[in-house]
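Understanding the architecture of this molecule
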Amino acid sequence: MRGLNPRQIEAFRAVVLTGGVGAAAKLINVTQPAVSRLIRDLQHHLGLTLFERRGTGLVPTSEALSLYAEVERAFVGLERIAETAAELRTRRAGYLRIAALPALANGFLPRFVGRFLAERPKLNIGLSGLVSHAVVTAVAQGQCDLGFAEASIEHAAVQLERMPTVPFVAVLPQGHRLVRKTKLGPRDFEGENFISLGPSTVSRFRIDHVFSEHGVTRVMRIETPLSEIACALAGSGVGVALCEPFTATEYDSRGIVARPFEPRIDFEFAVLYAAHRTVTPVAREFIDGFKAHVGAFLRERRFAHARPTAPARR
């Protein structure tokens, strides 16, 4: 829309973030009357009511929240331009934006990021945890440079490079009768309360298929989209689960025990990057280094050998 004043947008964003005119004024370093005037003029210009007063604070309307989503995207782009300029001025090694599915973002990937940064003191990294579909969208829209997501999710604007596959493990509460076994199979779960992953993933399909093939009936007690929740629930003693080993390792001191599971069910994930952009040298170093990190993780835990990674594809 023509005629929008950038200061009005800045004031609007500040009020949404802080919930009040006074705090917004401090955030953008202007007076409270100035913020009130900017918001009033913006509402008049747009023909929308953007805030409702609740006690001493301001609550954004549904229209304001929709507008804020667009404003935030614009501000993120502007902030990235400013960051790039600063990097050029200070000759820093760059800024790498990474998004990853929760199974990696909950501990395994951040530890690698820490080591990666320790060897590159002039590099900055932005790291976000998102579900796989959101990771793909973020890469496709240029909001991040690298994404890690389930390998089954593809997008025309995104290049996919498979990482080493890892096997799902059985997750049991400490003291469960099955803990005494060194390896578990489908028949061990007959009649057990089962904590299942959400229905919209390839992993869920593969797990259900294995139990169906073996004619095993589980008591489908709880369903959750996140392996972290599945492990926490198992730790509470409510049931057993299968999940990828990254999360199981994070929770192995929180009331659960992990055991190998056969037949092997693969957790397949990939690194994603924009198809129309060249992967920067530092991004390539990150990809190759993380592949090696996953390989070392598999060897340490004596899992079955990782299957070869497929070449990058669109």
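To start, this report covers the structure provided alongside it. (Residues numbered from 1 in each chain as written. Predicted model: local features only at pLDDT ≥ 70, side-chain atom pairs only at ≥ 80, totals over all residues. Heavy atoms only, no water.)

Below, the discussion takes up helix α1 (residues 6–18). With 13 residues, α1 extends 18 Å between its outermost C-alpha atoms, agreeing within 8% with the 18 Å of an ideal straight helix rising 1.5 Å per residue. Among all positions of α1, only Gln8, Ile9, Ala11, Phe12, Arg13, Ala14, Val15 and Val16 are buried. Just downstream of α1, Gly19 is the residue with a positive phi angle, here 80°. (Helix = DSSP H or I, 4+ residues; strand = E, 2+ residues; numbered from the N terminus. Expected span 1.5 Å × (residues − 1). Buried < 20%, exposed > 50% of the residue type's maximum accessible area, 1.4 Å probe, protein only.)

Let us now look at the pairing of strand β1 (residues 51–54). Both β1 and strand β2 (residues 57–60) contribute to a ladder of four bridges, which runs antiparallel. Its bridge partner lying in β2, Arg54 is registered against Gly57. (Pairing = 2+ DSSP bridges.)

Note on placement: Asp266 falls in strand β13 (residues 266–267). Residue class for Asp266 comes out buried when judged on its relative accessible area of 8%. Expressed as a C-alpha distance, the spacing of Asp266 and Glu244, which sit 22 residues apart in the sequence, is 8.4 Å. One polar contact links Asp266 to Arg264, side chain to side chain, over a distance of 2.4 Å. (Polar contact = N/O pair within 3.5 Å; in protein donor to acceptor, adjacent residues only side chain to side chain.)

Moving on, we get to the sheet that holds strand β8 (residues 169–173). Note: strands within a sheet are paired through backbone hydrogen bonds, in either parallel or antiparallel orientation. Spatially, five strands are ordered β10-β9-β11-β8-β12 in an open sheet, and the strand pairing comes out mixed. Of all the strands in the sheet, the pair left with one neighbour each is β10 (219–224) and β12 (256–260). Here the average twist between neighbouring strands, direction ignored, is 30°. One ladder, built from five bridges, connects strand β9 (residues 193–197) with β10; its direction is parallel. Its bridge partner lying in β10, Leu197 is registered against Thr224. Set on the sheet, helix α8 (residues 202–213) makes contact with β9, β10 and β11 (240–243); between it and β9 the angle comes to about 145°. Here helix α9 (residues 227–235) sits on the sheet in contact with β8, β9, β10, β11 and β12, set at roughly 165° to β9. (Axes fitted to C-alpha atoms, helices over the stretch in contact; angles between N-to-C directions. Contact = heavy atoms within 4.5 Å.)

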